[in-house]
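Examination of the molecular architecture
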There are 4 protein chains.
Amino acid sequence: MTSSATNQIPVLVSGALGKMGSEVVKTIQQSTKFQLEAAIDTSPSHEDLDVGDVLGIGNLGVTVTSDLEGSLCAVSQKYRDSSVPNAPVLIDFTQPSVVYENTRSAIAYGIHPVIGTTGLTQDQIIDLSDFARKASIGGAIIPNFSVGIVLLQQAAAAASSFYENIELIESHHNQKKDAPSGTCLKTAELIEETGKKFNTSNVKEEELIEGCRGGLRQSGINIHSIRLPGIVARQEVIFGGVGETYVLSHNTVDRAAYMPGVKLVASKVRELTTLVYGLERLL
Amino acid sequence: MTSSATNQIPVLVSGALGKMGSEVVKTIQQSTKFQLEAAIDTSPSHEDLDVGDVLGIGNLGVTVTSDLEGSLCAVSQKYRDSSVPNAPVLIDFTQPSVVYENTRSAIAYGIHPVIGTTGLTQDQIIDLSDFARKASIGGAIIPNFSVGIVLLQQAAAAASSFYENIELIESHHNQKKDAPSGTCLKTAELIEETGKKFNTSNVKEEELIEGCRGGLRQSGINIHSIRLPGIVARQEVIFGGVGETYVLSHNTVDRAAYMPGVKLVASKVRELTTLVYGLERLL
Amino acid sequence: MTSSATNQIPVLVSGALGKMGSEVVKTIQQSTKFQLEAAIDTSPSHEDLDVGDVLGIGNLGVTVTSDLEGSLCAVSQKYRDSSVPNAPVLIDFTQPSVVYENTRSAIAYGIHPVIGTTGLTQDQIIDLSDFARKASIGGAIIPNFSVGIVLLQQAAAAASSFYENIELIESHHNQKKDAPSGTCLKTAELIEETGKKFNTSNVKEEELIEGCRGGLRQSGINIHSIRLPGIVARQEVIFGGVGETYVLSHNTVDRAAYMPGVKLVASKVRELTTLVYGLERLL
Amino acid sequence: MTSSATNQIPVLVSGALGKMGSEVVKTIQQSTKFQLEAAIDTSPSHEDLDVGDVLGIGNLGVTVTSDLEGSLCAVSQKYRDSSVPNAPVLIDFTQPSVVYENTRSAIAYGIHPVIGTTGLTQDQIIDLSDFARKASIGGAIIPNFSVGIVLLQQAAAAASSFYENIELIESHHNQKKDAPSGTCLKTAELIEETGKKFNTSNVKEEELIEGCRGGLRQSGINIHSIRLPGIVARQEVIFGGVGETYVLSHNTVDRAAYMPGVKLVASKVRELTTLVYGLERLL
C-alpha cells in the first residue's frame, strides 16, 4: 500500500473477510475517491479465507491483518502530521461482540467510524455518542445502507397522511429466520408517526385459515412476510384509496446494492462532529 | 321481443335486476349470437330497479317479470315445435334459496341451465346431475366465470411439479368478509393435487408479529390475503426456485370480465347431455 | 334544494351530465362537508341524460339546468348578504370551448373556480390569473385530481438525484389515442428538473425490432406505453441501481379515485386569493 | 477422481472456466446423482483462472485440462467395458467456434452431448442430428436451461387462444446489447403459432415520442425492452381482456437458476437415441 493521493479518503475495513466486508474492500479499491489503508479481520472462522490471505481484485490485492489496534494507530499517525489534513474512516462490518470496542478505538485514534454491524444496545449508542462529541470525531451507525430503502421509507411516510388504508409485504429468501424483517418494521414505524389508525373498516372479517390476513400492528397496519428461494430482499408498501392504489417497492438482488450508501456515508462522515444514526440523516 | 333469427341462441336471464344479472342482460343484448327471450327477477328488494321496470340498453329495453315458471314454459313452447331445433338457455344469478328449484324447472322444461349462483349443496348437485342425465339436458354449474382465472389455475397446476416452494397472495376490496377467497382456495387445491409437500426448509422461522407469515395449508403452502379499497379482485401465485421466481397473476377490475365466460358457457352448454361443474370443463 | 347548514361549503357543478361531472355531483351529495347548490350542463348531447333530468342519488336528486350564468348569479346572491360568510365554489368539468368563459364568470360573481377541464391556453391562464388576483378570488386549475399521482411524482423527483438510470412505463386502456399520457410526460419533466442525463451507458444497443426500447427523451429517459383492455390507467417509474431497483407505481381502476382530490381542492380553494395551477400546490 | 458409484451419472464439463461452466462444475460436484469425471477448458483467456488451476469447492477441487479429445477418450474407455452400463454426458458451455467439433467428438466417443453453447447454424444442427441418429447416441441442444421460462412460454401459448390483446415486456441489465432478448422473441413466436392477429383496435393511435408504443410484430404484438442496472433478466407477458388482465412473469436473479434445467437434461439425455432441440422437449 503506497501513500494515497492527498484528495483520496483513507479507509480501513474491519470484518474484511466477511460477506459485506469483502464487498466493501472491493468497492473501495475500485473507487478513485478512496484509498484502502488496511483490511482487518479478527473473526476466527471464515469459510474460504483467512487472516494473512491476500484479498482483493487482481494485482490490487491487500493482505488481511488481525491487528485492528495496530492498524488504527499506524493510519492515524500517517495522516495526523500531514500538511494536508485528511481524516481516515473505519468501515466496520464485524460482530455484535466487538463492535462497541472497535467504534471506541476508532474515535480514540481520531478515525471516523462508519458502523454497519448490528447489535449495539441503546446504552452503548448513548455512550459512544458522548465519546464522539467530546472527541469532536463524527461517526455514523447505519443499520441499512440502502439508499433506495430510505427513499421508499420517506415516500411512504409522506404518503401516509393522505391514505387511510395501508398494507406491507416484505419478501426474503427462505433462509431468513425472523419475520417481518427489521427494515419493514422500521417502515411501519415511520408511517405510524402520523399517529393515525389505519385499515379501519366496518366489515367484520373472518379468517378461514388463521394468519392469512397477516400480522396486525396496533396501528391497524397489516404486514405479510413471504419466504421463497429466488428472492433476495424485497419490500412493498401498498396504499389503497377509493378506485386506486399507490405502491412503493424496493427490490435488492445483490449485496452490491449497499455500496453506494457505504461510499456516501464514508465521504460525508468526515464533515460531522457527532455520531449520527441512520442513513436518512446523511442524504 | 320479436322472434329470433334461427341461428341465434335463445336466452332467459333470472336474477336480472342483480349486479351480475343486469350485466348479463346487457351482454346478451349486445351480442348478435344470442337472443334475449326473458328477464326474470323474483327478489323482493333491489336498490334501484323493480319488477316491471324496463331494463336494458336504449331502445333494446326489456320488461322484467317475476314469473320464472311462466317464462320457461312460454320460451320452451316457442322453440319446441320449431322446424329448426334451437335449444334455449337459462342463465341464473339468483340466491342460494331458489337456485335448486330454478335449475330443476329449467331442466323440466328442456331448457339448458347455466348456474352462476353459489350455494348449491353437494347433495343438491348430485340430485340435479341425475335429473339432467335422465332428461338428457346438458347444464353447467360455474362458481367462477373468469376464463383468466381458469388459465391461471391450469398454469399453476402445471408448474407445481417443477417447484418445491409456492406462496399465494390474493387481494380484494376491503368490503370482503372472508379470507382467503374461494377462488384462491381452489387454486391451492389444484396445486395440491400433486400430493407434494411445499416450502419445506431446515430454517426454524420466528414470527415477531403473529400471522405475518400468512395462513398455512397442510401442504405447506402459505396464503396471504390483502384487503384494500382500490382493489377489485387479484390473485398471485409465486413459485420460487434457486435464483428465480415465476409469478402468475390475474387482476379483475370490472364485473364485465366475467361476460366472455358466460357467453362461452351459454354457447357450449347446448352440446352437453349432462350437468358439468366448473368453467375448466368447457374450455 | 333547501338552505345549507352554515358550515357546509356551497358547490355548483358545471358539466354535470358528463362522466366526471356526474361523479362529482354524486360525491358532493354524499359528503356532509358540502352542499350542492346547482348542477349545470350546456352540452347539447349526452348519451343517457338531458338537461331537466333529475340527477343524483335516490331522493337527493337534483334538477340539471343549462343556465350557468343564472345559477352563478343566484348562488352568489344567496351567500353574499349572509351574516355568516360562506364562499361558494364552482367545479367545472366541461369543454375546452367554454371553460375560459365559465371561469371568468365564476370569478366575476365572487365564486371560487375549481377547473378540471383541460384545454386552457397559456395566454388564457395568464389572463384568468390576472383577473382572479384583481378580484381577490382564489381559484385552481387542476389537470389531474389524483392525489396518488402527485405523491408518486414528488417521490420520483426526490429519488431522481440518487439514481442514474430511470425508465417509465405507463399503461392505459386500448381506446386511448395518444401515447405517452400527459401525466407520464409530466412525471418525466419533474424528474428532468435535476438537469441530469440518465441511462448513459457505454454499451452500443441494437434494436432488432424498431421501437422496442421505447420512446427516448432528450434527458435519456425511456418511456414505454402499454395499451390493453382491462387496464384503466397505470403509471410506473423504475429506478435501477447496481444490485437493486426502486419502483413507484400508481394504478387507477375507477373515476372515483379523483374525488378525494376534488373535495380537497374545493375545500382549500376558498383560502386562496390567487389562481393556482396543479394539485401539488394544494397538498 | 476416483471411480464413481455405479448409479452416478459420469459428467464431463467443457468450458469449465467460463461463467456458466464453472457454475455447472460446482453443481455437479454438489449433487450425489452425478460424478464429475473431467473439467475441460480450451479458451485462451479467462479473467481469474487458467488451465491447470484447481477448480471446485473445498477439497472437491478438480484440475482443469485443455485436452477435450483425451478426456472424452479416457472417460469413454472407463465406462465402455463396465459390467454395469453407465453412459457419460458432456455438458458444453464453450464458444460458437468450437461447439460443432465438441459435439461431434462427444458423439463419436459414445458420450451424450448436452449443448448450452449458442451459435450452431441450422445446417450444423441437421448434420449433428444425422450423426447422432446413425450412432444411436441421444443428445440435446438447449438454448435456454430455465425450466421457469419454458413453463411461462407454455402457459402463454395456452392462454393466447382466449385473448385478443397481448403485450410483452422484457427487462435486462444495461450491459445487454440486443433488444428484444432471444427468449422473448421465442415467447412471441410460440404465441403467434395460433395464427391470430392481436391488438386490433379501431382507435388510431398517435406516438408523441417515437417508439413509446414499443416494437411491433407482424402479428400485432407489441414488445417493450427495459435496460436497467439492478435487473438480471425478467420477462412479462400481459394478456388484456375486458375488465381483467392476466400476467405471466419470470424473474431470474442468479445464474444458479439454470442448474435444475442442466441437471434435468443431463439425466434425461441418456434415455434418448436422437438429438433434441429445446428444454421443452424434455419436460
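Note that the structure is a prediction, hence the values are computed from the model and not measured.

**What to know about the overall build of chain A**
Secondary structure assignment for chain A yields 7 helices and 15 strands. Viewed in the frame of its principal axes, chain A has a C-alpha envelope of about 70 × 40 × 30 Å. Out of the 283 residues belonging to chain A, those deemed buried represent 58%. Long-range pairs, those at least 24 residues apart, make up 72% of the contacts in chain A between residues at least 6 apart in sequence.

**What to know about the sheet that holds strand E14 (residues 244-252) of chain B**
Strand pairs in the sheet, formed through backbone hydrogen bonds, run parallel or antiparallel to each other. The strand order E11(B)-E12(B)-E8(B)-E13(B)-E14(B)-E14(D)-E13(D)-E8(D)-E12(D)-E11(D) describes an open sheet built from 10 strands, whose pairing is mixed. Since the sheet does not close on itself, it has two edges, and those belong to strand E11 (215-216) of chain B together with strand E11 (215-216) of chain D, each with one partner. Sheet strands touched by helix H5 (residues 147-159) of chain D: E14 of chain B together with strand E13 (233-241) and strand E14 (244-252) of chain D. Its angle to E14(D), the strand with the most contacts, is close to 160°.

**Let's talk about the relation of the copies chain D and chain B**
If you rotate chain D by 180° and push it 0.0 Å along the axis, it lands on chain B with an RMSD of 0.1 Å. Taken together, the rotation and translation describe the operation of a two-fold axis. No C-alpha of chain D approaches the rotation axis more nearly than that of Leu248(D), which lies at 2.4 Å. In this assembly the copies share their binding face: 100% of the residues contributing to the interface of chain D also contribute to that of chain B.

**Brief notes about the state of the cysteines**
Linking two cysteines covalently through their sulfur atoms gives a disulfide. By the definition in use, this model includes 0 disulfides over all chains. Cysteine Cys212(B) remains unbridged, with the sulfur of Cys184(A) as its closest cysteine sulfur at 8.8 Å. Among the residues examined, Cys212(B) registers a relative accessible area of 0% and is labelled buried.

**A short note on the packing of helix H3 (residues 96-108) of chain A against helix H4 (residues 122-135) of chain A**
Residues and elements named next belong to chain A. Their axes nearest at 10 Å, the elements H3 and H4 cross at an angle of 5°. Between H3 and H4, the angle is such that the two are roughly parallel. Residues Tyr100, Thr103, Arg104, Ile107 and Ala108 of H3 lie in contact with H4, whose contacting residues are Gln124, Asp127, Leu128, Phe131, Ala132 and Ala135.

**Focus: the packing of aromatic side chains**
All names here are of chain A. Counted under the stated rule, the structure contains 16 aromatic pairs over all chains. One aromatic cluster in this structure is built from Tyr163, Phe239 and Tyr246. Directly above the aromatic system of phenylalanine 131 lies the positively charged group of arginine 104, at a separation of 4.1 Å from the ring centroid.

**Examining the sheet that holds strand E12 (residues 222-227) of chain C**
With mixed pairing, 10 strands are arranged side by side in an open sheet as E11(A)-E12(A)-E8(A)-E13(A)-E14(A)-E14(C)-E13(C)-E8(C)-E12(C)-E11(C). Every interior strand has two partners, whereas the edge strands, strand E11 (215-216) of chain A together with strand E11 (215-216) of chain C, have only one. Across 2 bridges, the pairing between E11(A) and strand E12 (residues 222-227) of chain A is antiparallel. Paired with Gly215(A) across the strands is Ile223(A), a residue of E12(A). Helix H5 (residues 147-159) of chain A contacts strand E13 (233-241) and strand E14 (244-252) of chain A together with strand E14 (244-252) of chain C of the sheet and is inclined by roughly 160° relative to E14(A).

**Focus on the side chain of Asn144(A)**
All names here are of chain A. Residue position: asparagine 144 is located in the loop between strand E7 (139-141) and H5. At 2.8 Å, the side chain of asparagine 144 and the backbone nitrogen of serine 146 are in polar contact. Among the polar contacts listed, one links the side chain of asparagine 144 to the side chain of threonine 183, at a separation of 3.2 Å. In contact with asparagine 144, other than residues within four places in its own chain, are Ile149, Thr183, Tyr258 and Leu279.

**Comments concerning the domain arrangement of chain A**
All names here are of chain A. Assigned domains within chain A: domain 1 (9-141 + 256-282) and domain 2 (147-252). The gap between the C-alpha centroids of domain 1 and domain 2 is 33 Å. With both sides pooled, the region where domain 1 packs onto domain 2 buries about 450 Å², and carbon together with sulfur makes up 67% of that total. It is Tyr258, Leu279 and Glu280 that lose the most area in domain 1 upon contact with domain 2, and together they represent 70% of the buried surface on that side. For the interface between domain 1 and domain 2, the tally reads 1 salt bridge. The partner of lysine 186 in a salt bridge is glutamate 280, and the shortest N-O contact between them spans 3.3 Å. At the boundary of domain 1 with domain 2, the tally comes to 1 residue pair in polar contact (both at pLDDT 80 or more). For the side of domain 1 that touches domain 2, a count of residues per class yields 3 nonpolar, 1 polar and 1 charged.

Conventions and cut-offs
Residues numbered from 1 in each chain as written. Chains lettered and ligands numbered in written order. Predicted model: local features only at pLDDT ≥ 70, side-chain atom pairs only at ≥ 80, totals over all residues. Heavy atoms only, no water. Helix = DSSP H or I, 4+ residues; strand = E, 2+ residues; numbered from the N terminus. Buried < 20%, exposed > 50% of the residue type's maximum accessible area, 1.4 Å probe, protein only. Contact = heavy atoms within 4.5 Å. Pairing = 2+ DSSP bridges. Axes fitted to C-alpha atoms, helices over the stretch in contact; angles between N-to-C directions. Least-squares fit on C-alpha atoms with pLDDT ≥ 70 in both. Disulfide = S-S within 2.5 Å. Parallel < 35°, antiparallel > 145°, perpendicular 65-115°, else oblique. Phe/Tyr/Trp six-rings, centres within 6.5 Å; stacked < 30°, edge-to-face > 60°. Lys NZ or Arg CZ within 6 Å of the ring centre and 35° of its normal. Polar contact = N/O pair within 3.5 Å; in protein donor to acceptor, adjacent residues only side chain to side chain. Domains from an automatic or database assignment. Buried area = accessible area lost by both parts, 1.4 Å probe. Salt bridge = Lys/Arg side-chain N within 4 Å of Asp/Glu carboxyl O. Nonpolar A, V, L, I, M, F, W, Y, C, P; charged D, E, K, R; others polar.

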